[in-house]
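# Fold and geometry: a report
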Amino acid sequence: MSVTRRQIVAAAVGAAAVPAGPAAAQATGADGLERLLALEHRLESAYGAALDQGVIDPVLGRSLSGQEREHVRGVEVALETLGRRPPRLRVTPPRRAALAGRPAFARFALELETEAVAGYVEVLGGLDAPGLLQPLGSIMTSAAQHQVALRRVLAEPLLAVRG
Amino acid sequence: MQARVTRRAALGGAGVLVLASCGGDHPPPAGKPPAGSGAGLLNSIVALEHASVAAWAAIASALSGKGRSQAKVIRRRELQHVARVSALVRDLGGSPPKGRPASEYALMFPKLTDGADALHFAHDLEERLVRAYLDALRSLPEPRQRRAAAEIAAEEAQDLSVVQLLSGEPASTKAFVTGTS
């Protein structure tokens, strides 16, 4: 178990000892986490399919796929901490068009990663479980770095400046 | 290798020193915001971001080509963070701290003799920023404050990615980006 993984589990255990917030807020947070779990599964599946089809650099693909696997486990632990059993999910494989080539796949994966970052921001805003905020935040920051890796594949500006 | 580690440690130590003196000990805003509103913490972050803006100007000066242009983009993003977090303080009725003159910050930064020095300093700086925002998530009481902190944490992690790329490393190396090496 890596240090970071240990941190996730330790934080989750700590969070379980923290008095729970309002039940409605917890339910909303858990619903958001279930959506994020589905998204993380989709990302893991997508990187796996891209590796199989040769539409991602193998070193990058293996790295991102491995990180998604850890994100899945991290979100599952967070859900368990909130008292919800992680659902068994049937993952939809990427559309054929998404696997048409490296640029097509990078665009597809970038959209999913962007959706994930936005999803984490929403959950982190509303979740009433202080011990989970930092570990979930560290998954979000990893997803944000995936965005940079994918923009590089697309030869797009790596960083956005608002306004 | 030993020399590099020592040099990096020295640069990192200097960076931590300046950031601690610029951000961590800033008092809560005078007057209105009540204890527990998040204003004190937000003010510390504003001070840290002011220092980061100055730091990125110094880093840009020590870089050339693509590195310099990316450093300028990151500096502009840090300016946006100053504005955004300052607005949160004002919403609470507080007065966010102003930045110090560039010459004051310059005295506290490590000497950046080449691009490698600059990138080491940039790496330590961005890790410190990621850590600050992730830490803040636990302490900020309002959802909109936490949303802002989360969005900015994501941007700081992206900035860190760019520093890694400029240093010849992958953009993403960890499944959990905590701001600690």
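The preceding data block contains the structure.
Below is a summary of the structure that appears in this document.

## Observations concerning the overall build of chain A
- Scanning chain A from terminus to terminus reveals five helices and zero strands.
- If you list the helices and strands of chain A from N to C, you get α-α-α-α-α.
- Looking at chain A residue by residue over its 163 residues, the buried ones come to 44%.
- Residue pairs at least 24 apart in sequence account for 77% of intrachain contacts in chain A once pairs closer than 6 positions are excluded.

## Observations concerning the overall build of chain B
- Regarding its fold elements, chain B presents six helices and zero strands.
- If you list the helices and strands of chain B from N to C, you get α-α-α-α-α-α.
- Put simply, 75% of the contacts in chain B that link residues at least 6 apart link residues at least 24 apart.

## What about the interface of chain B and chain A?
- Chain B puts 31 residues into the contact, and the matching count from chain A is 33 residues.
- Of all the secondary-structure elements, those providing two or more residues to the side of chain B that touches chain A are helix H3 (65-91), helix H5 (115-139) and helix H6 (143-166) of chain B.
- Among the elements that line the side of chain B that touches chain A, the one with the most residues is H6(B), at 14 residues.
- A breakdown of the residues in the side of chain B that touches chain A according to their chemical character gives 17 nonpolar, five polar and nine charged.

## Thoughts on helix H5 (residues 130-153) of chain A
Residue and element names in this part refer to chain A.
- Between its terminal C-alpha atoms H5 stretches 36 Å, which fits the 34 Å expected from 24 residues at 1.5 Å a residue.
- In terms of burial, H5 is largely enclosed, as 20 of its 24 residues are buried.
- Looking one or two residues past H5, Ala-155 carries a phi angle of roughly 55 degrees, positive in sign.

## Some points on the environment of B:Arg138
- Looking at where B:Arg138 falls in the secondary structure, it is placed in helix H5.
- With 46 residues separating them along the chain, B:Arg138 and B:Leu92 place their C-alpha atoms 18 Å apart.

Quick notes on the rules
Residues numbered from 1 in each chain as written. Chains lettered and ligands numbered in written order. Predicted model: local features only at pLDDT ≥ 70, side-chain atom pairs only at ≥ 80, totals over all residues. Helix = DSSP H or I, 4+ residues; strand = E, 2+ residues; numbered from the N terminus. Buried ≥ 20, exposed ≤ 12 C-beta atoms within 10 Å, placed from the backbone. Contact = placed C-beta atoms within 7 Å. Nonpolar A, V, L, I, M, F, W, Y, C, P; charged D, E, K, R; others polar. Expected span 1.5 Å × (residues − 1).

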